[in-house]
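Take a look at the letters that make up each chain.
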Amino acid sequence: MGRELKLNLFIYPAGHHEAAWRHPSSQPERVLDIRFYQELAQRAEQSKFDAVFFADGPALESNVQYAARFRLEPFTWLSAIAVATERIGLIGTASTTYLEPYNAARLFASLDHLSGGRAGWNIVTTGAERAARNFGRDEHPPHAERYSRADEFVGVVGKLWDSWEDEALVSDPGTGVFADTSRIHAIGHEGEHFRVDGPLNTPRSPQGRPVYVQAGSSADGRAFAAKHAEAVFTAHQTLESAQSFYADIKAKAAAAGRHPGKLLVLPGISPYLGSTEAEARALRQEFDELTQPEYGLGVLGKLLAVDLDGVKLDESLPRDLLATAGREGSRSQLLLDVIRREHPTVRQLLHRFAGARGHYAIAGTPLQVADEIQRWFESGAADGFNIMPPWLPGGFEAFADEVIPLLQSRGLFRTEYEGRTLREHFGLARPESQYSQHTHQLQGANA
């Protein structure tokens, strides 16, 4: 079988367009109803999606006045999704800055067990500075420090997940042995950021380790992904930008001694579908006309690290502002690239980023969208995509009904699941416990 797309449904309350909750096709009254999300996940499973993805952040967005930008705790949410589905993967966000490794290891191991091996961890360092005071800290740690902590954090979590070897759980009523304690290991970690004895108080999970996913594309983020990630979520506006990122992250993985094919690159795409391209563009315009400048200006100002108070919506951004604009991170650079390439007015820029926060928004027929997905997939730009419906549920239902069958008919996407775990969906091996070799050596020495 040839190479196949990996597709995740990225679920955001109401949808990914900032004004989705205002559109008559949306169902904002259901954004706190778990049955709404269970139905979406079931629909994605019917279409054989690899996973649902649920983002999170440990602080309230300051612009919640204008958009559905609250957060539901992902482990509670994904557990409810797990019992309503059977095969689809469950990827949730957890911060290495505002959690402890032991907590994170327990949460994901538990989710992996109760879902039968479908858990994935979206590893983030948290960019929201306001989160610090929610956790008793005066200041948000600097970018480099957050990634240093994240590197150690992931290593500790991996040790904890491995601390029970697969054979440790014996459960033999005849002998009275429930667990072979010689196969349960204290990890004895002492590092710059953490001291953790272990072992984990949960047996090794079905996948061995839940899938490592990462979403940062800064220089530190790319280095981190090359070392740890098994899937990378990324944002690009053009094929050329996506190809450059794809080549770079694969090369970095190879330089780190990893097989680049085992690091999946999954850009976001937000599709607006119509029976004609004009109809699809008109649909997107409907959403854009519902945007509120106060919201968009706040988002752009934060990305560019400039004060946009008083800017005129139907003129370009002042050059003196652009001279000092920008901050570390790929979204900031992506935004500046659009400004320099296209010279939009402020209003056009607000509409451009209203649809998916810098991810690729495309308006077209199902055939055009399928063609574009295939073009990126076959041109060294993507191993698959995070599908980011502009609104829910209709934006996803249209994609599932009209685009997925086209991709399947071209042999680009599965028609049935072959495996049961997220690792199997992604084509990733189940890792052996790092302590198994030590046990084998001891057994050999005592033979």
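This text goes with the structure placed above it.
These remarks concern the structure in this document. (Residues numbered from 1 in each chain as written. Predicted model: local features only at pLDDT ≥ 70, side-chain atom pairs only at ≥ 80, totals over all residues. Heavy atoms only, no water.)

In total, this model carries 21 aromatic pairs according to the counting rule given. Relative to Tyr 37, the ring of Phe 36 has its centre 5.2 Å away and its plane inclined at 65 degrees; by these criteria the two rings are edge-to-face. You can call Tyr 37 buried: its relative accessible area is 1%. Ring pairing ties together the aromatic residues Phe 75, Phe 108, Trp 121, Phe 153, Trp 161, Phe 194 and Tyr 212, which thus form one cluster. (Phe/Tyr/Trp six-rings, centres within 6.5 Å; stacked < 30°, edge-to-face > 60°. Buried < 20%, exposed > 50% of the residue type's maximum accessible area, 1.4 Å probe, protein only.)

As a volume, the second largest pocket reaches approximately 400 Å³. If you go around the second largest pocket, you meet 21 residues; those closest to its centre are Glu 4, Lys 6, His 425, Phe 426 and Gly 427. Here the element with the most residues in the lining of the second largest pocket is helix H15 (residues 422–426); it accounts for three residues. By residue class, the composition of the lining of the second largest pocket is six nonpolar, six polar and nine charged. (1 Å grid on protein atoms, 1.4 Å probe; cavity = no way out; pocket = protein on both sides within 12 Å on 5 of 7 lines; lining within 4 Å. Points joined across faces, edges and corners; volume = space filled by probe spheres on them. Helix = DSSP H or I, 4+ residues; strand = E, 2+ residues; numbered from the N terminus. Nonpolar A, V, L, I, M, F, W, Y, C, P; charged D, E, K, R; others polar.)

Per the stated rule, a full pass over the model turns up 27 salt bridges. Residues Asp 401 and Arg 43 are paired through a salt bridge, measuring 2.3 Å at the closest nitrogen-oxygen approach. Here Arg 43 lies in helix H1 (residues 34–46) and Asp 401 lies in helix H13 (residues 394–402), a separation of 358 residues in the sequence. Taking the relative accessible area as the measure of exposure, Asp 401 reaches 45% and is therefore partly exposed. Residue Arg 204 pairs with Asp 166 through a salt bridge whose shortest N-O separation is 3.3 Å. Highlighted residues: Arg 204 in the loop between strand E8 (195–196) and strand E9 (211–214) and Asp 166 in the loop between helix H4 (143–162) and strand E5 (169–172), separated in sequence by 38 residues. (Salt bridge = Lys/Arg side-chain N within 4 Å of Asp/Glu carboxyl O.)

Okay, empty space enclosed by the protein next. The final tally for this structure, using the stated rule, is three cavities of 30 Å³ or more. A volume near 70 Å³ is recorded for the largest cavity. Lining the largest cavity, in full, are Glu 18, Arg 69, Tyr 295, Gly 296, Val 299, Leu 300, Leu 350, Phe 353, Ala 354 and Arg 357. The set of elements that each furnish at least two residues to the lining of the largest cavity consists of helix H8 (293–304) and helix H11 (346–354). It is H8 that contributes the most residues to the lining of the largest cavity, four residues altogether.

Take unusual backbone geometry next. Cis rather than trans, the peptide bond between Gly 198 and Pro 199 has omega equal to 0 degrees. Structurally, Pro 199 is set in the loop between E8 and E9. A cis amide bond links Leu 392 with the next residue in sequence, Pro 393, at an omega value of 5 degrees. Residue placement: Pro 393 occurs in the loop between strand E13 (384–387) and H13. One non-glycine residue, Lys 48, lies in positive phi territory at about 70 degrees. Positionally, Lys 48 belongs in the loop between H1 and strand E2 (51–54). Of note in this structure, His 343 is not a glycine but carries a positive phi near 50 degrees. Take His 343: it is sitting in the loop between helix H10 (330–342) and H11.

By the element assignment, Glu 165 lies in the loop between H4 and E5. Within the local environment of Glu 165, its side chain forms a polar contact with the side chain of Arg 183, the two groups lying 3.0 Å apart. Within the structure, Glu 165 has its side chain in polar contact with the side chain of His 185 (distance 2.6 Å). (Polar contact = N/O pair within 3.5 Å; in protein donor to acceptor, adjacent residues only side chain to side chain.)

With that out of the way, let us pick up the environment of Ser 25. Within the fold, Ser 25 resides in the loop between strand E1 (6–11) and H1. Judged by relative accessible area, which is 38%, Ser 25 ranks as partly exposed. Counting along the chain gives 286 residues from Ser 25 to Val 311, while the straight-line C-alpha distance between them is 32 Å. When residues no more than four places from it in sequence are discounted, the contact partners of Ser 25 are Trp 391 and Leu 392. (Contact = heavy atoms within 4.5 Å.)

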